[in-house]
Amino acid sequence: DWQRRVALGGYAGEGVQMSIKQMSAQLLSVDITEQEKYIDLQRMRARQVWDECKHSKLHAEVLMAKGWVKDERELMQNPVAHTQPLPAYFGLSMMFPHIHPLARAAQHYFVEAIACLGIAAYIHLVDDPMVRHEHLSQRDEEIMHFMEGKYKIDTYCTTPENQQPVEDTLDFLLHRLRVSL
């Protein structure tokens, strides 16, 4: 049914492929000469990797409790659980290591805003106590991730030169969003 399909797809956004592999790769993409300048960005991303790993574990536990998967190994082998409809958020960052660290901040800000809205919608619309618990337990961390993106943009985008990669990224993401609607 649709709830199972959506729940399996939710694992793709927080599962091992996204959180551990692709987000971790973003930490490595800051040029060694810019490490000091962007160390706070890297620390925030490292914290988010851990948060997302906790989210994926909780998500897997809900799927197992509902009887939709036997264990996380089964979940990791299910192609539906690895389909990611988001507009090239992590994949784009992973594939192109030359992307400016502030462009990644813009991606972070944009997608975490959507996550916060999604959690608010689930809490408002879904009666299932397990699903509500899962979303309530992630709400504060998702808001923090959104605020990290805002902090990065507010702190580092103080010149037209630094604002350009953010504007380009947001233009791209908004275009992708319009295309997918």
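This one's a predicted model, so the numbers in the text were calculated from it and none came from an experiment.

**Comments concerning the overall build of the protein chain**
Here comes step 1: Summing up its helical and strand segments, the protein chain has 8 helices and 0 strands in all.
Here comes step 2: Seen in sequence order, the protein chain has helices and strands lined up from the N terminus as α-α-α-α-α-α-α-α.
Here comes step 3: Buried positions account for 41% of the 181 residues belonging to the protein chain.
Here comes step 4: Across the protein chain, the fraction of contacts at a sequence separation of at least 24, relative to all contacts at a separation of at least 6, is 75%.
Here comes step 5: Accessible surface for the protein chain amounts to roughly 10,100 Å². Of this, 61% is attributable to carbon and sulfur atoms.

**Quick notes on the packing of aromatic side chains**
Here comes step 1: One pass over the structure, following the stated rule, counts 2 aromatic pairs.
Here comes step 2: Seen in terms of ring centroids, Tyr38 and Tyr156 are 5.6 Å apart; in terms of plane orientation they differ by 45 degrees. Their pairing is tilted. On the criterion of sequence distance, the pair formed by Tyr38 in the loop between helix H2 (16-28) and helix H3 (39-65) and Tyr156 in helix H7 (residues 129-156) is long-range, its members being 118 residues apart.
Here comes step 3: For Tyr156, a relative accessible area of 13% puts it in the buried group.
Here comes step 4: Over the ring of Trp68 we find Lys66; its NZ or CZ atom is 5.4 Å from the centre of that ring.

**Details of H7**
Spacing of three or four residues puts side chains on the same side of an α-helix, whose turn is 3.6 residues.
Here comes step 1: Taking 1.5 Å of rise per residue, the 28 residues of H7 would be expected to cover 40 Å, and the 41 Å separating its terminal C-alpha atoms lies within 8% of that figure.
Here comes step 2: Of the residues that open H7, the one with a side-chain oxygen 2.8 Å from the backbone nitrogen of Met130 is Asp128.

**Quick look at the environment of Leu173**
Here comes step 1: Checked against the element boundaries, Leu173 lands in helix H8 (residues 160-180).
Here comes step 2: For Leu173, a relative accessible area of 0% corresponds to the buried category.
Here comes step 3: Along the sequence, Leu173 and Ala106 sit 67 residues apart, while their C-alpha atoms lie 9.3 Å from each other.

**Examining the packing of helix H6 (residues 101-125) against H7**
Here comes step 1: At a closest axis distance of 8 Å, the pairing of H6 and H7 adopts a crossing angle of 150 degrees. Relative to H7, H6 is oriented roughly antiparallel. Pair H6 / H7 crosses with left-handed handedness.
Here comes step 2: Of the residues assigned to the contact of H6 with H7, the class counts are 16 nonpolar, 6 polar and 7 charged.

Conventions we followed
- Residues numbered from 1 in each chain as written.
- Predicted model: local features only at pLDDT ≥ 70, side-chain atom pairs only at ≥ 80, totals over all residues.
- Heavy atoms only, no water.
- Helix = DSSP H or I, 4+ residues; strand = E, 2+ residues; numbered from the N terminus.
- Buried < 20%, exposed > 50% of the residue type's maximum accessible area, 1.4 Å probe, protein only.
- Contact = heavy atoms within 4.5 Å.
- Areas by Shrake-Rupley, 256 points an atom, 1.4 Å probe, with all protein chains shown as cover.
- Phe/Tyr/Trp six-rings, centres within 6.5 Å; stacked < 30°, edge-to-face > 60°.
- Lys NZ or Arg CZ within 6 Å of the ring centre and 35° of its normal.
- Expected span 1.5 Å × (residues − 1).
- Polar contact = N/O pair within 3.5 Å; in protein donor to acceptor, adjacent residues only side chain to side chain.
- Axes fitted to C-alpha atoms, helices over the stretch in contact; angles between N-to-C directions.
- Parallel < 35°, antiparallel > 145°, perpendicular 65-115°, else oblique.
- Left-handed = near helix turned anticlockwise from the far one by under 90°.
- Nonpolar A, V, L, I, M, F, W, Y, C, P; charged D, E, K, R; others polar.

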